[in-house]
Amino acid sequence: MTLADATFRKIFELHSDAIIVIDGDGVVVECNPAACKRRKIPRTAVRTIRDAWGASGDELLARMIAHDDTSGTIRTTFIFSPGDTIPAELRIVRITDPAEEPRLFLVTVKDISEQRKIELDLLRFSEVTLHTVNPIQITDANGKIIYVNPAYERISGYSKEELIGRNPNLLKSGMHSREFWEKIWTRILSGEEWVGQLQNRRKDGSVFHSEVVISPILDESATVIGFVGAHRDITEQKQLEKQLVRSQKMETFGTLAAGIAHEVGNPLTSISSIVQVIQRTTKDEFAREKLELVKNQINRITKIIRELVDFSRPSAYEIKKTDVNNVMRDALNIVQYGKKVQHITFKVQLYDDLPHIAVVSDQLVQVFLNILMNAVDACGTGQHAIGVTSRLCDKSIEIVIRDDGRGIEKEDMEKIFDPFFTTKEVGKGTGLGLWVSLGIVKNFGGDIQVSSEVGLGTKFTISLPLKGSLHE
Ligand SMILES: Nc1ncnc2c1ncn2[C@@H]1O[C@H](COP(=O)(O)OP(=O)(O)O)[C@@H](O)[C@H]1O
Ligand SMILES: [Mg+2]
């Protein structure tokens, strides 16, 4: 045996793959220890491939006979013995010339359990990323995107093709400072995870919010070779937060308003009475004229304050089972009295048998008054009509107040319930009427709807639940 022969033999003996050389009938010509070790039989006992590999050996032989000349690789579950099964890659190579006899084949069995495990992990990973709602992106060490999942495409509005090879700063909204990004980079480049919230921009320009975990991918030597970014879409949550802040602001505003109303109301009353006293006693025409102006301004402030007070202490009122029709009649009595409405016809149709509901009637009067007064204001001069109806619905009482006045501009529709929104001239409107009214009705568990057509008129529908949010 030459040195080279000896070396090859050694390699053959030491190889971790099972290697067998067989002839066309399955008789083993050569076989290395790895080939017989699994069945725990000595080399001398191995005569055929069946001795070495049992049923799997038979199967292999059958295949080889079927495909006489083909050499190739087969992936199979290889059974060394019952209970010793491995995923394996079988390689069959014919080592003699086709014409040569006996035909000899080299068969190697490579244990690919480890490889299979990695493949399965990858498969599972890809299944998860494909179907998760969480947007996931993978970048290389330079920050270039090498993978995005469908959820990422959906949230960003970009397709995979548009994203791969690009830097994720493509989605930058410009809302975060340079220092912010630098901090993230320093952290993840040092091999640590970063968790935080990002505001990004979609392809169409709109903004989305996500909570992100960016983890560096490390190789065996702990070098950063890339990054995984897993997002959670929190756009909706952000919107809710914003709404909450707004409603909290309203609440704070209410408390503040109550305070102001109280602090301003008292001194205002004394100013008002002093003005009246001077006006009555002075002979100075100029002073009287000016005092009249002062009085007007005081009235204006008083009006605003009254509305603020009404709104800010609803709990002081009494909750009672109330006939809504009576409340409406009270309101109509107040409105119909006065010069301002002489040109307006009131068409009132109240449904007789309304069940009584638990409300604070003083507050409800105020709601009806506010809406009726608005209707009167909208009518201006000339002949007009205001219609008032009440009816019983399935679970609520509906009151409709309709006018044929000037109507509401489209762009004002969403603002009319805002505090201090008014289109009336200074001194005429406070812009609090509808805001206060909606607050009251909502408090009863009801709602106010509006529809309007500029030049034709406006319809306010107040619905009050039969079983409201108040209890007697
Ligand atoms: N029936 C109506 N017709 C036309 N516009 C209306 C009507 N009701 C309310 N509006 C509009 O809504 C605004 C806000 O109303 P409101 O809150 O009562 O405040 P104010 O009456 O003090 O202006 C009004 O200034 C007006 O522009
Ligand atoms: Mg008003």
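Residues numbered from 1 in each chain as written. Chains lettered and ligands numbered in written order. Predicted model: local features only at pLDDT ≥ 70, side-chain atom pairs only at ≥ 80, totals over all residues.

Visitor: Tell me about the site of ligand 1, and name the residues and values.
Guide: Around ligand 1 there are 23 residues in total, and N374, A378, T422, G429 and G433 lie nearest to it. When residues of the shell around ligand 1 are traced back to their parent elements, those giving at least two are α11 (361-379) and α12 (433-443). For the shell around ligand 1, the element with the most residues is α11, which contributes 4 residues. Of the residues in the shell around ligand 1, the class split is 8 nonpolar, 11 polar and 4 charged. (Near = placed C-beta within 6 Å. Helix = DSSP H or I, 4+ residues; strand = E, 2+ residues; numbered from the N terminus. Nonpolar A, V, L, I, M, F, W, Y, C, P; charged D, E, K, R; others polar.)

Visitor: Break down the environment of F12 for me, with residues and values.
Guide: With respect to the helices, strands and loops of the structure, F12 is situated in helix α1 (residues 3-14). Between the alpha carbons of F12 and P33 there is a distance of 8.7 Å; along the sequence they are 21 residues apart. Those residues in contact with F12 that sit more than four places away from it in its chain are I19 and N32. (Contact = placed C-beta atoms within 7 Å.)

Visitor: Quick rundown of the domain arrangement of the protein chain? Include the residues and the values.
Guide: The domains assigned to the protein chain are domain 1 (3-112), domain 2 (132-233), domain 3 (238-312) and domain 4 (320-465). The gap between the C-alpha centroids of domain 2 and domain 4 is 53 Å. (Domains from an automatic or database assignment.)

Visitor: Explain the sheet that holds strand β6 (residues 136-140) residue by residue, including any values.
Guide: Taken together, the 5 strands give an open sheet; going across it, the order is β7-β6-β10-β9-β8, and neighbouring strands pair in antiparallel fashion. A strand with exactly one partner marks an edge of an open sheet, and here the two such strands are β7 (145-148) and β8 (194-201). Each adjacent strand pair in this sheet contributes to an overall mean axis angle of 30°, direction not counted. Both β6 and β7 contribute to a ladder of 3 bridges, which runs antiparallel. For I138, the partnering residue across the bridge sits in β7 and is Y147. (Pairing = 2+ DSSP bridges. Axes fitted to C-alpha atoms, helices over the stretch in contact; angles between N-to-C directions.)

Visitor: How would you summarise α11 if you had to cite specific residues and measurements?
Guide: Relative to the 27 Å expected for 19 residues at 1.5 Å per residue, α11 spans 27 Å between its end C-alpha atoms, a close match to the ideal helical length. Taken together, the buried positions of α11 are occupied by Q363, L364, Q366, V367, F368, N370, I371, L372, N374, A375, V376 and C379. Just past α11, the residue G380 takes up positive phi, approximately 60°. (Expected span 1.5 Å × (residues − 1). Buried ≥ 20, exposed ≤ 12 C-beta atoms within 10 Å, placed from the backbone.)

Visitor: Kindly report on the pairing of strand β17 (residues 457-465), identifying the contributing residues and their values.
Guide: Alignment of strand β15 (residues 396-403) against β17, held across 8 bridges, turns out to be antiparallel. Directly across from I401, in β17, lies its bridge partner F460. Following strand β16 (residues 447-453), the chain reverses through 3 residues before pairing antiparallel with β17; G455 in that reversal takes a positive phi of roughly 90°.

Visitor: Would you mind going over the sheet that holds strand β14 (residues 384-392) in detail, with residue names and values included?
Guide: Pairing between the strands of a sheet comes from backbone hydrogen bonds, and it takes one of two forms, parallel or antiparallel. Here 5 strands make up an open sheet; going across it, the order is β12-β14-β15-β17-β16 and the pairing mixed. Both outer strands of the open sheet, β12 (344-350) and β16, are each paired with one neighbouring strand and no more. Pairwise comparison of adjacent strand axes, ignoring direction, gives a mean angle of 10° for this sheet. Its contacts with the sheet place α12 against β16 and β17, and it is angled at close to 140° to β16.

Visitor: Mind laying out the nonpolar core, listing which residues take part and the relevant values?
Guide: If you look at the biggest cluster of nonpolar residues, it comprises 37 residues, and the most contacted ones within it are V324, F368, L372 and I401. Looking at this core, the elements with two or more residues in it are α8 (235-281), α10 (324-336), β13 (357-359), α11, β14, β15, α12 and β17. Counting residues per element, this core draws most heavily on α11, at 8 residues. When residues of this core are sorted by domain, at least three fall in each of domain 3 (238-312) and domain 4 (320-465). Leaving out residues up to four positions away in the same chain, F368 has contacts with V327, M328 and A331. (Core = buried A, V, L, I, M, F, W, Y, C linked by C-beta atoms within 7 Å.)

Visitor: Please provide a residue-by-residue account of the pairing of strand β10 (residues 224-233), values included.
Guide: Of the pairings in the sheet, the one linking β6 to β10 comprises 5 bridges and is antiparallel in character. The residue bridging I136 from the neighbouring strand is A230, located in β10. Turn length for the strand β9 (residues 207-218)-β10 hairpin, with the two strands adjacent in sequence and antiparallel, is 5 residues, and the turn residue A222 shows positive phi of about 65°.

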